[in-house]
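# Commentary on secondary and tertiary structure
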Amino acid sequence: MDCIERRRSIRRYKPAAVKRELIDTVINAARLAPSAKNRQPWKYIVYASREKDRLLDVMERSLLKEQETHALLPNSRSALADAFHTLHIMKTAPDIVIVMNTNGQNPFEPVDADARMTEISDSLSIGASVENMLLMAADLGLGALWIANTCFAYHDLMEFIGEKGQLVGAVALGYADEQPPARPRKELSEVLEYR
């Protein structure tokens, strides 16, 4: 509980590089998460230094294109400002971990009900994996932020990444340069019901 209560979403990072052994430990914790039918549908790709800059250049160009056209997510245009803010955060973090669903498909194409159920189960599995990653990062004294705003640049990022599967999101990783207070949480009585 202590680590769960201490964990924060970090949006400011020190420039210091994270040692590969620590990144390996964080990813190993993610790998040990439970998964539906033990499919383990995850793959993690760590971008640092010049490769991180190239990845984020692709994301920035794609966000600018989406800002002009609103073609990919036309009903979410109000969230684009947050996506640009997230991009700034990603630029300051020493490492970006791309999180892939190895079983997933392009989320902008229709799927049948069976495939949708598998996708939901795999997404839940990956969520557990990302939470393990965030908790291990906190336990190691690192800061982290899970990121979903990659959705606005989905196609361009997938082309750059060059992997099969589905881009689920990313995790910024580094040493925190802030100590944000705990964010408000709903009371247990608001979210728990016994029947």
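What comes next is a walk through the structure. The residue count restarts for each chain, going from 1 along the sequence in the order it is written. Two thresholds apply to this predicted model, a pLDDT of at least 70 for residue-level local features and 80 or more for giving and counting side-chain atom pairs, whereas whole-chain, interface and lining totals are computed over all residues. Remark: hydrogens and water are excluded; side-chain values derive from all non-hydrogen atoms of the structure.

### Regarding the packing of helix α2 (residues 20-31) against helix α5 (residues 113-139)
- Running from amino to carboxyl end, α2 crosses α5 at an angle of 145°, the nearest separation of the two axes being 7 Å. As for the relative orientation of α2 and α5, their crossing is right-handed in sense. Contacts from Thr25, Val26, Ile27, Ala29 and Ala30 of α2 reach α5 at Ser129, Asn132, Met133, Met136 and Ala137.
- Looking at the contact of α2 with α5 residue by residue, the class counts come to 7 nonpolar, 3 polar and no charged. Where helices are involved, their axes are fitted lines through C-alpha atoms of the stretch in contact, as for all axes, and angles between N-to-C directions lie from 0 to 180°. Secondary structure follows DSSP: runs of H or I at least 4 residues long count as helices, runs of E at least 2 residues long count as strands, and numbering of each begins at the N terminus. By definition, turning the near helix anticlockwise from the far helix through less than a right angle yields a left-handed crossing, and turning it clockwise yields a right-handed one. Whether two residues are in contact is decided by their heavy atoms: any pair within 4.5 Å suffices. For this classification, the nonpolar set comprises Ala, Val, Leu, Ile, Met, Phe, Trp, Tyr, Cys and Pro, the charged set comprises Asp, Glu, Lys and Arg, and every other residue, Gly included, is treated as polar.

### Regarding the packing of helix α3 (residues 49-69) against helix α6 (residues 154-161)
- Following both chains from N to C, one finds α3 and α6 inclined at 155°, their axes separated by 8 Å at the closest point. By the angle between their axes, α3 is roughly antiparallel relative to α6. Classified by chirality, the crossing of α6 by α3 is right-handed. Facing Glu51, Arg54, Leu55, Val58, Met59, Ser62 and Lys65 of α3, the residues of α6 in contact are Asp156, Leu157, Phe160 and Ile161.
- Of the residues assigned to the contact of α3 with α6, the class counts are 6 nonpolar, 1 polar and 4 charged. Oblique is the label for every angle not falling under 35 degrees (roughly parallel), over 145 degrees (roughly antiparallel), or within 65 to 115 degrees (roughly perpendicular).

### Here's the deal with the pattern of salt bridges
- For this document, the term salt bridge refers to a Lys or Arg side-chain nitrogen within 4 Å of an Asp or Glu carboxyl oxygen. Inspection of the entire model under this criterion finds 10 salt bridges.
- Between Arg6 and Asp2 there is a salt bridge, and its shortest N-O distance comes to 3.0 Å. Of this pair, Arg6 and Asp2 both sit in helix α1 (residues 2-6), 4 residues apart, roughly one helical turn.
- Buried residues are those whose accessible area, probed at 1.4 Å on protein chains only, stays under 20% of the maximum for their type, while exposed residues exceed 50% and partly exposed ones sit between those limits. On the basis of relative accessibility, which here comes to 52%, the residue Asp2 falls in the exposed class.
- Glu163 is paired through a salt bridge with Lys43; the nearest N and O atoms lie 3.0 Å apart.

### Examining the side chain of Arg7
- Relative to the assigned elements, Arg7 resides in the loop between α1 and α2.
- Despite its burial, Arg7 pairs with no opposite charge; the closest candidate is Glu131, at 4.7 Å N-O.
- A distance of 3.4 Å separates polar atoms of two side chains, one belonging to Arg7 and the other to Ser9.
- When near neighbours in sequence (up to four residues on either side) are disregarded, Arg7 contacts Leu134, Leu135, Ala138 and Arg185. Charged-residue counts in this description rest on Lys and Arg as positive and Asp and Glu as negative, His and the chain ends being excluded. Under the rule applied, a polar contact is a pair of N or O atoms within 3.5 Å (in protein, one hydrogen donor and one hydrogen acceptor; residues adjacent in sequence only if both atoms are side-chain atoms).

### Some remarks on the nonpolar core
- Working definition of a nonpolar core: buried Ala, Val, Leu, Ile, Met, Phe, Trp, Tyr and Cys residues. They are joined through side-chain atoms within 4.5 Å. The biggest cluster of nonpolar side chains holds 31 residues, and the ones touching the most others in it are Leu55, Met59, Ile96, Ile98, Leu157, Ile161 and Leu167.
- Other than its neighbours up to four places away in sequence, Leu55 contacts Tyr47, Ile96, Ile98, Leu157, Phe160 and Ile161.
- Residues Ala30, Trp42, Ala137 and Val171 belong to the second largest nonpolar core, which totals 19 residues.

### Thoughts on the packing of aromatic side chains
- Stacked, tilted and edge-to-face pairs are distinguished by plane angle, under 30 degrees for stacked and over 60 for edge-to-face with tilted covering the rest, among Phe, Tyr and Trp rings (Trp via its six-membered ring) whose centres lie within 6.5 Å. Here the structure, examined in full by the defined rule, presents 2 aromatic pairs.
- On the basis of an interplanar angle of 35° and a centroid distance of 6.1 Å, the ring pair of Tyr47 and Phe160 is categorised as tilted. Linking Tyr47 in strand β1 (residues 42-48) with Phe160 in helix α6, this pair joins segments that are 113 residues apart in sequence.

### As for the environment of Met136
- Summarising the element assignment, Met136 is placed in helix α5.
- Spatially, the C-alpha atoms of Met136 and Leu72 are 34 Å apart, while their sequence positions differ by 64 residues.
- With sequence-adjacent residues up to four places away left out, Met136 is seen in contact with Thr25, Val26 and Ala29.

### Observations concerning α6
- When α6 is considered as a whole, its buried residues turn out to be Tyr154, Leu157, Met158 and Ile161. The buried residues of α6 occupy an angular sector of 100° when projected down its axis, which confines them to one face.
- In this structure, the buried residues of α6 make contact with β1, α3, β2 (95-101) and β4 (166-174).
- Gly162, located one to two residues past α6, shows a positive phi value of around 70°. This arc corresponds to the set of directions leading from the helix axis out to the C-beta atoms.

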